[in-house]
Amino acid sequence: MNDTRNVSRQRGGGASHRIGAVVCALFLASGNLATGYLALLAYAAEPAGPWDSETVAHSGFAAGLALALAFVTAVLTWVSVKAEWLDRWWFTVPAVPALAALLRLTLLAPAL
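Residues numbered from 1 in each chain as written. Predicted model: local features only at pLDDT ≥ 70, side-chain atom pairs only at ≥ 80, totals over all residues. Heavy atoms only, no water.

Glancing now at the environment of S53. Residue position: S53 is located in helix α3 (residues 53–82). C-alpha of S53 to C-alpha of A111: the two residues are 58 residues apart in sequence and 9.0 Å apart in space. (Helix = DSSP H or I, 4+ residues; strand = E, 2+ residues; numbered from the N terminus.)

The following block contains the structure:
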C-alpha cells in the first residue's frame, strides 16, 4: 500500500494530477477531432472539372489549416506529456491527421 502512495507522490499523483489529466485529455481530444474534421473536408473537396480552381483552393486551405492545428495539438501534447499528465502514446493521435493533411497538400492534391 505504501509503495502505491510513493509512486503517486513521485508522479504528482492525487486529485490534482487526475484533474489535470482529464482536462488535458478532453482539450486535446477536441483539438484532434477538429483536426480530423478539417483533414476530412480537404479530402472531400474534389473539383467538378478543369474550371473548378476554387475547390482546389478550398481543399488546400482546409489541409493547411488541419496541418497547423495538428502542430498546435502536438505541442500541447508535448506539454501534457512533459507534465506527466498523459502517456507518450498521445503523440500518435495528432500525427495521423497531420500525415493525412500533408499527403493531401503534396502527393494527393486534387488536380485540375
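Following the criterion strictly, the structure yields 1 salt bridge and no others. Note that R104 and E46 form a salt bridge whose closest N and O atoms lie 3.3 Å from each other. Of the two residues, R104 is situated in helix α4 (residues 92–105) and E46 in the loop between α2 (15–44) and α3; the sequence distance between them amounts to 58 residues. According to the relative accessible area criterion, R104 is buried, its value standing at 5%. Residue E46 is classed as partly exposed on the basis of its relative accessible area, which comes to 48%. (Salt bridge = Lys/Arg side-chain N within 4 Å of Asp/Glu carboxyl O. Buried < 20%, exposed > 50% of the residue type's maximum accessible area, 1.4 Å probe, protein only.)

The next subject is the side chain of S80. Along the chain, the position of S80 falls in helix α3. Residue class for S80 comes out buried when judged on its relative accessible area of 4%. Each residue touching S80, except ones within four places of it in the same chain, is listed here: C24, L28, W85 and L86. (Contact = heavy atoms within 4.5 Å.)

Attention shifts here to the nonpolar core. Soluble globular proteins tend to pack their nonpolar side chains together in the buried interior. Core analysis: the largest hydrophobic core is formed by 6 residues, namely C24, A25, L28, V81, L86 and W90. The element contributing the most residues to this core is α2, with 3 residues. When near neighbours in sequence (up to four residues on either side) are disregarded, W90 contacts A25, L28, A29 and T77. (Core = buried A, V, L, I, M, F, W, Y, C linked by side-chain atoms within 4.5 Å.)

Secondary-structure assignment places T55 in helix α3. We classify T55 as buried; its relative accessible area is 17%. What T55 contacts, discounting residues up to four positions off in sequence, is A45, E46 and P47.

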